[in-house]
Amino acid sequence: MNFLRGVMGGQSAGPQHTEAETIQKLCDRVASSTLLDDRRNAVRALKSLSKKYRLEVGIQAMEHLIHVLQTDRSDSEIIGYALDTLYNIISNEEEEEVDDVEEENSTRQSEDLGSQFTEIFIKQQENVTLLLSLLEEFDFHVRWPGVKLLTSLLKQLGPQVQQIILVSPMGVSRLMDLLADSREVIRNDGVLLLQALTRSNGAIQKIVAFENAFERLLDIISEEGNSDGGIVVEDCLILLQNLLKNNNSNQNFFKEGSYIQRMKPWFEVGDENSGWSAQKVTNLHLMLQLVRVLVSPTNPPGATSSCQKAMFQCGLLQQLCTILMATGVPADILTETINTVSEVIRGCQVNQDYFASVNAPSNPPRPAIVVLLMSMVNERQPFVLRCAVLYCFQCFLYKNQKGQGEIVSTLLPSTIDATGNSVSAGQLLCGGLFSTDSLSNWCAAVALAHALQENATQKEQLLRVQLATSIGNPPVSLLQQCTNILSQGSKIQTRVGLLMLLCTWLSNCPIAVTHFLHNSANVPFLTGQIAENLGEEEQLVQGLCALLLGISIYFNDNSLESYMKEKLKQLIEKRIGKENFIEKLGFISKHELYSRASQKPQPNFPSPEYMIFDHEFTKLVKELEGVITKAIYKSSEEDKKEEEVKKTLEQHDNIVTHYKNMIREQDLQLEELRQQVSTLKCQNEQLQTAVTQQVSQIQQHKDQYNLLKIQLGKDNQHQGSYSEGAQMNGIQPEEIGRLREEIEELKRNQELLQSQLTEKDSVIENMKSSQTSGTNEQSSAIVSARDSEQVAELKQELATLKSQLNSQSVEITKLQTEKQELLQKTEAFAKSVEVQGETETMIATKTTDVEGRLSALLQETKELKNEIKALSEERTAIKEQLDSSNSTIAILQTEKDKLELEITDSKKEQDDLLVLLADQDQKILSLKNKLKDLGHPVEEEDELESGDQEDEDDESEDPGKDLDHI
């Protein structure tokens with residue numbers, strides 16, 4: 001540092017020396033002054049000198065300013081002055097204004113000075129973390145200069161500062177808070193800071209994205225007026241591009257967060273010619289570029305296709321197509337819109353189908369594709385616009401066989417409009433293919449080649465196209481017309497385009513090769529072009545001719561005898577030479593424009609002269625170059641072997657196709673069966689609903705049946721007394737017979753019991769007599785003991801028999817009384833019958849009423865019987881359900897019994913344990929008593945332990961006993 005001061009002192013002279021002294025004094029005041037006001041005034045003075053005397057202030061004051069930031073954080077004013085001073089030292093903005101007048105050396109010195117001061121500042125990483133902590137202060141005078149200083153540091157030494165911020169805890173999160181600041185100046189400068197922070201650093205980009213950056217930036221854009229906004233919108237869009245470009249995780253997060261839907265209002269622009277300011281053009285250009293970032297061909301295919309589908313579903317593609325067909329749109333916006341639509345529809349069938357249906361607002365309406373092709377083949381249109389239209393057409397046909405077929409069909413004779421009112425896409429391509437403008441020739445040839453890309457059927461269909469060259473002459477095929485133009489020796493760009501078209505057309509299409517070889521002039525023309533020694537400009541045409549001839553050999557099916565594979569190889573060996581042929585073929589891939597075209601699918605050329613190669617054609621060259629070289633050096637035997645291999649492969653392919661067809665048929669059958677299953681399921685559901693309805697109806701009928709039963713019972717109660725007697729007369733004889741049988745059974749039981757009693761009495765008397773007649777005392781004692789036990793048992797049996805006799809006698813008396821009552825009722829009924837015979841005339845009227853009621857009841861009973869039948873069927877079903885439920889209940893009951901047995905067992909075990917514990921307690925007491933007798937020294941404590949159980953019940957007694965024992 002002292003060395004730098006000495007150098008500065010040596011360089012300065014006159015007034016500069018005094019300024020250096022004042023800066024030195026101010027630095028001393030900042031370092032040594034104890035008063036805050038003095039330090040603040042000194043830092044303010046350094047700030048005013050820092051713009052003019054940047055080097056001197058930076059060398060002498062940087063350490064003191066950093067110290068102020070560390071120690072004086074409580075005073076926002078001095079912190080703001082210090083940050084402004086550091087910004088003036090490190091930033092190159094003021095120097096850049098002067099550099100417009102001064103020499104370039106001074107600009108380099110100023111840039112070096114800023115980077116050197118930045119390196120000094122970030123040498124201590126704590127300085128950057130200190131600056132990040134100061135950004136948390138809400139004070140405007142601290143936050144704003146801190147944002148500017150950090151932005152300047154990132155501009156000077158971006159990667160180093162990014163690494164420090166990435167390592168510091170919550171570093172990026174602190175900076176994200178700037179976007180939520182209510183002061184627009186800080187918010188806008190925060191956007192610029194994040195621009196510099198996220199540049200070329202994927203880790204920081206991910207952190208910023210997951211800190212809700214997309215939501216905040218899109219809110220700012222909508223608040224500022226979308227495309228009509230100012231430079232703030234431009235800064236936000238640049239920051240969004242930094243976050244999304246070449247960052248797959250952020251792109252996926254942007255799509256998953258439904259942020260693509262929020263881009264649609266950006267492109268809601270009208271047809272006003274006056275509404276296109278320079279800022280609006282810039283904003284819309286950046287917005288279109290942001291859409292292209294999400295659907296770029298360099299992204300992973302899955303991510304691109306998902307974004308394309310989301311753009312169609314939310315209406316973004318439709319909005320872009322309205323801008324595409326609108327009037328008054330600036331040329332650069334229209335060009336970028338065409339490129340954006342191209343990449344949104346590229347390889348996405350849904351988007352391509354929608355784009356094919358878009359019509360231009362003309363009278364009559366024309367398809368958008370036709371309108372775009374008209375501008376492509378128009379040489380008065382700008383070159384960039386024509387390239388964009390070609391790219392759009394290529395993207396429309398990319399992996400779109402349906403679109404390719406529609407384009408080729410417009411060239412076929414059956415679909416051409418005879419009236420000539422409407423121009424088709426095929427007619428425009430043919431017109432461009434044979435126009436005088438070489439650029440139109442090249443664009444039309446490449447566009448037509450993309451209509452044939454990887455589509456053998458369309459290559460064969462294009463052979464049917466016939467062209468009318470002049471009046472009176474017969475029509476010529478499109479293939480022949482292309483070779484005719486080649487032989488006329490037109491411009492190199494035209495010939496290159498036609499040769500690329502022919503190579504694409506003939507590759508993988510043996511029929512097209514035979515058509516090409518059928519014209520006898522084609523092969524001599526190609527061999528003549530290849531064999532000549534021409535200049536460097538014609539070398540590319542020679543290489544393409546060699547490629548076309550090689551394709552004619554490799555894809556030749558030997559249908560023409562004069563141009564079979566072996567004959568063409570011999571012709572090459574005689575007229576050109578195999579080595580020379582392979583060398584000329586290598587001119588294509590060695591061309592400087594070949595590698596440039598192979599990088600990106602978009603035809604992006606600085607001028608028409610560089611428009612030579614197509615991206616898809618470079619892929620074809622890579623694929624065929626090695627194959628053709630092998631085919632040229634192969635012998636006839638190897639060709640035969642290769643043909644055999646091809647035949648076997650074809651057979652294998654046929655087998656595979658056969659199995660594929662079988663699988664398709666099986667898939668169709670499976671689909672039919674699935675449909676049948678679905679219909680059967682629907683029918684099953686309908687039947688189940690019908691069953692439930694019928695069950696409810698049956699329940700209703702049951703309820704009605706029960707009600708009718710109750711009503712019938714009431715009607716039977718209200719009938720006459722004679723009917724009641726008649727019903728009783730039908731029931732009584734059965735009951736009387738049953739009662740008589742029961743009485744007889746009871747009498748029999750009584751007789752049996754009496755006989756048993758007599759037998760027992762005789763046994764007792766015999767035992768008594770045997771007891772008195774015993775001789776020995778011992779035998780008499782034994783017999784008496786045995787007899788006494790038998791007597792006791794017999795007495796018990798006697799008591800039970802007597803109790804049974806008593807109960808049966810009671811039942812007999814009850815039955816006799818019931819019998820007498822029934823006899824009385826029968827006699828009364830007989831009397832009533834005699835009285836009824838005398839009074840029949842009086843009861844005739846009543847019988848008629850009863851008969852009417854009976855007839856009505858009979859009808860109701862018939863109806864009820866039918867219902868009873870249905871109910872009986874239901875009853876059987878319910879019984880089955882009950883049986884199943886009873887079985888489950890029985891199983892549960894057995895499990896319950898098992899559990900109860902286990903519980904009883906456990907209780908028994910507990911009781912046994914309690915008994916064992918009681919026995920152990922008794923043993924312990926006996927052992928303690930023995931210890932007392934033996935004079936054991938621990939007898940008092942043991943007595944306390946044994947007496948604790950007794951003392952628990954007597955808590956009110958003397959509590960000091962335990963203490964006395966202790």
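Residues numbered from 1 in each chain as written. Predicted model: local features only at pLDDT ≥ 70, side-chain atom pairs only at ≥ 80, totals over all residues. Heavy atoms only, no water.

### What about helix α20 (residues 331-345)?
The α-helix advances 3.6 residues per turn, and as a result positions three or four apart in sequence lie on the same side.
Here comes step 1: Relative to the 21 Å expected for 15 residues at 1.5 Å per residue, α20 spans 21 Å between its end C-alpha atoms, a close match to the ideal helical length.
Here comes step 2: The buried fraction of α20 amounts to twelve of the 15 residues, a majority that puts the element mostly inside the structure.
Here comes step 3: Residues of α20 that are buried make contact with α17 (278-294), α18 (301-313), α19 (316-325), α21 (349-357), α22 (368-376) and α23 (383-397).
Here comes step 4: Just beyond α20, the residue with positive phi is G347, at close to 75°. (Helix = DSSP H or I, 4+ residues; strand = E, 2+ residues; numbered from the N terminus. Expected span 1.5 Å × (residues − 1). Buried < 20%, exposed > 50% of the residue type's maximum accessible area, 1.4 Å probe, protein only. Contact = heavy atoms within 4.5 Å.)

### Side note on unusual backbone geometry
Leaving glycine out, the prevailing phi sign among residues is negative, and the prevailing peptide bond configuration is trans.
Here comes step 1: With omega at 0°, the peptide bond leading from N363 into P364 counts as cis.
Here comes step 2: In this structure, P364 sits in the loop between β1 (359-360) and β2 (366-367).
Here comes step 3: One non-glycine residue, M170, lies in positive phi territory at about 55°.
Here comes step 4: Tracing the backbone shows M170 in the loop between α10 (158-167) and α11 (171-176).
Here comes step 5: Accessibility expressed as a relative area gives 56% for M170, which makes it exposed.
Here comes step 6: A positive phi angle, near 70°, is found at N212, a position not held by glycine.
Here comes step 7: Relative to the helices and strands, N212 resides in the loop between α13 (202-210) and α14 (213-223).

### A look at the pattern of salt bridges
When their charged atoms lie close together, side chains carrying opposite charge are able to pair.
Here comes step 1: Going through the model one piece at a time under the given rule, you end up with 22 salt bridges.
Here comes step 2: One salt bridge connects D37 with R40, and the closest N-O pair in it is separated by 2.7 Å. Note that D37 and R40 are positioned in helix α3 (residues 36-50) at a spacing of three residues, about one turn of the helix.
Here comes step 3: Since its relative accessible area comes to 13%, R40 is described here as buried.
Here comes step 4: Where R292 meets E343, a salt bridge forms, and the shortest distance between an N and an O atom there is 3.0 Å. (Salt bridge = Lys/Arg side-chain N within 4 Å of Asp/Glu carboxyl O.)

### Points about the confidence of the model for the chain
A low pLDDT means the predicted coordinates there should not be read in detail.
Here comes step 1: The predicted model of the chain has a mean per-residue pLDDT of 81, with 77% of residues at 70 or higher.
Here comes step 2: This model gives residues 1-16 a pLDDT under 50, and the stretch forms ten contacts once residues within four places in sequence are excluded.
Here comes step 3: For residues 720-732, every residue scores under 50 in pLDDT, and the model assigns this stretch nine contacts once sequence neighbours within four places are set aside. (pLDDT = per-residue confidence, 0-100.)

### Thoughts on the state of the cysteines
Here comes step 1: Going through the model one piece at a time under the given rule, you end up with zero disulfides.
Here comes step 2: C387 takes part in no disulfide bond, and the closest cysteine sulfur, belonging to C443, lies 6.3 Å away.
Here comes step 3: When its relative accessible area of 7% is taken as the criterion, C387 is described as buried.
Here comes step 4: Free cysteine C503: the closest other cysteine sulfur is in C545, separated by 8.4 Å.
Here comes step 5: Given a relative accessible area of 0%, C503 falls into the buried group. (Disulfide = S-S within 2.5 Å.)

### A closer look at the packing of aromatic side chains
Here comes step 1: Under the counting rule described, the total for this entry stands at twelve aromatic pairs.
Here comes step 2: A centroid spacing of 5.8 Å and a plane angle of 55° characterise the contact between F214 and Y259, whose relative ring orientation is tilted. Of this pair, F214 sits in helix α14 while Y259 sits in the loop between α16 (248-256) and α17, placing them 45 residues apart in sequence.
Here comes step 3: In this structure F214 comes out as buried when scored by relative accessible area, which is 0%.
Here comes step 4: Stacked on the ring of W276, the Lys or Arg K280 has its end atom at 4.9 Å from the ring centre.
Here comes step 5: The ring of Y398 has R346 lying over it, and the distance from NZ or CZ to the ring centre is 3.9 Å. (Phe/Tyr/Trp six-rings, centres within 6.5 Å; stacked < 30°, edge-to-face > 60°. Lys NZ or Arg CZ within 6 Å of the ring centre and 35° of its normal.)

### Quick notes on a negative patch on the surface
Here comes step 1: A grouping of E902, D905, E909, D911 and D912 is seen on the molecular surface, where their side chains present a negatively charged patch.
Here comes step 2: Topologically, D911 is positioned in helix α41 (residues 840-934).
Here comes step 3: A relative accessible area of 43% means that D911 is categorised as partly exposed. (Patch = residues over 30% accessible without salt bridge, like charges linked within 9 Å, V, L, I, M, F, W, Y side chains within 5 Å. Areas by Shrake-Rupley, 256 points an atom, 1.4 Å probe, with all protein chains shown as cover. Lys, Arg positive; Asp, Glu negative; His and termini not counted. Charge placed at Lys NZ, Arg CZ, Asp CG, Glu CD.)

### Topic: α17
Here comes step 1: Between its first and last C-alpha, α17 extends 25 Å over 17 residues, near the 24 Å set by a 1.5 Å rise per residue.
Here comes step 2: With respect to burial, α17 is a largely interior element, twelve of its 17 residues being buried.
Here comes step 3: Of the residues making up α17, those classed as buried are K280, V281, N283, L284, L286, M287, L288, L290, V291, R292, V293 and L294.

### Focus: the packing of α20 against α21
Here comes step 1: As a packed pair, α20 and α21 sit with axes 8 Å apart at the nearest point and diverge in direction by 135°. By the angle class used here, α20 and α21 are oblique. Note on element contacts: α21 touches α20 through N351, Q352 and F355, opposite V341, V344 and I345.
Here comes step 2: Broken down by class, the residue content of the contact of α20 with α21 amounts to four nonpolar, two polar and no charged. (Axes fitted to C-alpha atoms, helices over the stretch in contact; angles between N-to-C directions. Parallel < 35°, antiparallel > 145°, perpendicular 65-115°, else oblique. Nonpolar A, V, L, I, M, F, W, Y, C, P; charged D, E, K, R; others polar.)

### Some remarks on the packing of helix α9 (residues 140-156) against helix α12 (residues 184-198)
Here comes step 1: Relative orientation of the contacting elements α9 and α12 amounts to 20°, with a least axis distance of 9 Å. It follows from the interaxial angle that α9 and α12 lie roughly parallel. Seen along the crossing, α9 lies across α12 with a hand that is left-handed. Judged by residue contacts, F140, R143, W144, V147, K148, L150, T151 and L154 of α9 engage V185, I186, D189, G190, L192, L193, A196 and L197 from α12.
Here comes step 2: When grouped by side-chain class, the residues that make up the contact of α9 with α12 number eleven nonpolar, two polar and three charged. (Left-handed = near helix turned anticlockwise from the far one by under 90°.)

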